[in-house]
Amino acid sequence: MCGIVGAVAERNVQGILLEGLKRLEYRGYDSAGMVVLSEDARLNRQRAAGKVAALQDKLDAAPLVGQLGIAHTRWATHGRPNEQNAHPHQSGESLAVVHNGIIENHEALKAELEGQGYVFTSDTDTEVVAHLLAREFNRSQDLLTALQTAVATLDGAYALAVMHKAQPDIIVGARKGSPLVVGVGVEEAFLASDPLALLQVTDRFIYLHEGDVARLTKGGTIAIYDAAGELQERPVQVFEHGDGAASKDGYRHFMLKEIYEQPQVIAATLEGRLTDRHVLVKSFGIEAEALFKQASQIHIIACGTSYHAGMVARYWLEKYAGVPTQVEVASEYRYRQVVVPEGTLFVTLSQSGETADTLAALRFARERGYIGSLAICNVPGSSLVRESDLTLMTQAGPEIGVASTKAFTTQLVALMLLTLSLGRMRGMDETCQARIVQALRTLPGMIGQVLALDSEIEALSMAFAEKHHALFLGRGAHFPIALEGALKLKEISYIHAEAYPAGELKHGPLALVDSEMPVISVAPNDELLEKLKSNLQEVRARGGELYVFADEQVRLEEAEGVRVLRLPHIDEALAPILYTLPLQLLSYHVAVLKGTDVDQPRNLAKSVTVE
Ligand code: G6P
């Protein structure tokens, strides 16, 4: 979603802000802007519709010079993505603000402020914050006080960075419902919605808590106040993923780089969490054992790709651990009357840990009598991690491509660790546990073998580039993998794709099957294979073209209209992880052939921090 960068330094900040925006562009990217305070205390602003490159062109022509500045990449919520609606927004020539999130009471505030003579020039909800802050500044003559007073009247979600020309030494920021971190430099300080934006200047961060307000002063002094206005000491944390994430390392796209990183990041997610025969339950935190013992049911809540990981986990948790499990998308869950059986553990899955609906679901769940909450997440220090009782971090490293790949497969690995931990406590067969543990150890190598099929999958992708629709089929735990395959294809190639449990084919989607509708199926060597084969016959009989990703041991021959790509044989329990890879590669190559923006597909954002 939108991105924020701010800097207070003893050097020119334009370069720092621009680099920060480029690094944030993956979050949301329909317009961008920057304000820098000049030496003669004027707010100089440049804004541009489109990508950060458009802003850069303007800055090349007319650079902004100064030691204090704020900048923003926008993903439109209120108002079209044009220059007028791009951030920073100003109140007159004195105050500038950048904002992530949505101000829900902006209409009422706007009416009030217009009544007081403030003139609005954009269609955004953010502009009310600029005028509100200007009004409060006129009263207190202090930007921190103005921000503390103003945020008390805001409903909704926000991360804010603000500057005023009358206080040329400070930037202030606040967060509620949207992430904001303070970057700690040497005699300089920064603000950003994501640490990645600042890794070129620091690896030390303070993760602001909900309701925090921060003041960053020239010379690098940082003061943080909680929602009650009390000065707080927040820990400084070192960002441990290194800065490699910001570069494509010679790959054409971040998505391809991230697909190829899967052997390493899966190995990292397993590291220190397995013995030869089982999973170390302490991986989930010291209180995990007690909580897991009490857990007689599980509710899993997530969005997007993470939701698909949850759907796979349901098959695993019920089959191997015998724990009744429900999975639901967060945006539905949070608004319904949920019945929570006694002894239910609440589990959230999120790459970013900042997805607004997932976070809201966690907060909603807190009042519903769960025995506790577990977050499986990829971003240390994120809101979800901080607010959950237990956490298991996936070690995917920063994921830049909007279409999630390595975050998904590491989530699946983490969910298998959860399954085995719970299974062990419920008397799961020891041999089966040990077998899956051994399979997990060989998984990174097997994924490497699937990556070696890349050129074959690329060749296959040519058949899809001209198609308008595609149907994905799977059974059992591979139904969610089919869903994930369809999601990847639509996200980055804009081909309409649907997924069905193969057994449902004859209840409707079969009507769509003809030679123009490629049908992609995942056929691991599992107990449902024979049933799946019958479903594939149903497609062939209607002239549908079949593309089957199948276990090398499966007897399934290529024929006219049937392409079979063989995958190495893998333990049935882990097949959903392995079969994700060819579907990721297929979507990637189709998108490249279609010439779409693979890493930043239209209308989508990496981290959806608004409802
Ligand atoms: C957005 C992203 C998806 C992601 C979903 C959930 O829609 O584009 O790739 O799966 O959010 O994000 P989370 O960070 O909660 O996993």
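No experiment lies behind these values; they were computed from the predicted model shown. (Residues numbered from 1 in each chain as written. Predicted model: local features only at pLDDT ≥ 70, side-chain atom pairs only at ≥ 80, totals over all residues. Heavy atoms only, no water.)

**A word on the sheet that holds strand β14 (residues 231-232)**
Here comes step 1: A sheet is described by the order of its strands in space; here seven strands give the open sequence β5-β6-β7-β8-β12-β13-β14, paired in antiparallel fashion. The sheet terminates laterally at β5 (89-91) and β14, the two strands that pair on one side only.
Here comes step 2: In this structure, strand β8 (residues 170-176) lies alongside strand β12 (residues 213-217), joined through five bridges in antiparallel fashion. Bridged to Ile171 within β12 is Leu216.
Here comes step 3: This element, helix α4 (residues 126-140), spans β5, β6 (95-103) and β7 (156-164) of the sheet and lies at about 130° to β6. (Pairing = 2+ DSSP bridges. Helix = DSSP H or I, 4+ residues; strand = E, 2+ residues; numbered from the N terminus. Contact = heavy atoms within 4.5 Å. Axes fitted to C-alpha atoms, helices over the stretch in contact; angles between N-to-C directions.)

**A few points about the site of the ligand**
Here comes step 1: In the region of the ligand, 13 residues are neighbours, and Ser306, Ser350, Gln351, Ser352 and Thr355 sit closest.
Here comes step 2: Contact distances for the ligand include 2.6 Å between an oxygen atom and a side-chain N or O atom of Ser306.
Here comes step 3: Expressed as a share of its isolated accessible area of 390 Å², the protein-covered part of the ligand is 90%.
Here comes step 4: One can see that the ligand is located within the largest pocket.
Here comes step 5: Counting residues per element, the shell around the ligand draws most heavily on helix α9 (residues 304-321), at three residues.
Here comes step 6: Classifying every residue of the shell around the ligand gives four nonpolar, eight polar and one charged. (Near = heavy atom within 4 Å. Polar contact = N/O pair within 3.5 Å; in protein donor to acceptor, adjacent residues only side chain to side chain. Areas by Shrake-Rupley, 256 points an atom, 1.4 Å probe, with all protein chains shown as cover. 1 Å grid on protein atoms, 1.4 Å probe; cavity = no way out; pocket = protein on both sides within 12 Å on 5 of 7 lines; lining within 4 Å. Sits in = over half its atoms within 2 Å of the grid points. Nonpolar A, V, L, I, M, F, W, Y, C, P; charged D, E, K, R; others polar.)

**Notes on the pairing of strand β24 (residues 546-551)**
Here comes step 1: Where burial is concerned, most of β24 is hidden: six out of the six residues are buried.
Here comes step 2: The sheet contact formed by strand β23 (residues 519-523) and β24 spans five bridges and is parallel. Among the inter-strand pairings, Ser521 is bridged to a residue of β24, identified as Val548.
Here comes step 3: Note that the unit made of β23, helix α17 (residues 529-541) and β24 has a crossover that is right-handed.
Here comes step 4: For β24 and strand β25 (residues 562-567), the ladder comprises six bridges, and the chain directions are parallel. Bridging from a neighbouring strand, Phe549 pairs with Leu565 of β25. (Buried < 20%, exposed > 50% of the residue type's maximum accessible area, 1.4 Å probe, protein only. Right-handed = clockwise from strand over helix to strand, strands pointing away.)

**What about unusual backbone geometry?**
Here comes step 1: With omega at -5°, the peptide bond leading from His87 into Pro88 counts as cis.
Here comes step 2: With respect to the helices, strands and loops of the structure, Pro88 is situated in the loop between β4 (68-74) and β5.
Here comes step 3: Phi at Tyr494 takes a positive value of approximately 65°, unusual for a residue other than glycine.
Here comes step 4: Residue position: Tyr494 is located in the loop between α16 (478-493) and β22 (496-501).

**Brief notes about the UniProt feature "active site" (unreviewed entry) in the protein chain**
Here comes step 1: UniProt's feature table lists "active site" (unreviewed entry) at Cys2 and Lys606, given in the numbering used throughout. In terms of the greatest pairwise C-alpha distance, the residues named above, spread along 605 residues, form a tight cluster of at most 9.4 Å across. Narrowing the list just given to those that line the second largest cavity leaves Cys2.
Here comes step 2: The residue Lys606 is located in the segment after α18 (575-594) in this model.
Here comes step 3: The exposure class of Lys606 is buried, given its relative accessible area of 11%.
Here comes step 4: Among the polar contacts made by the side chain of Lys606, one reaches the side chain of Glu399 at a distance of 2.6 Å. (UniProt positions renumbered as here; feature names shortened; annotations may be inferred.)

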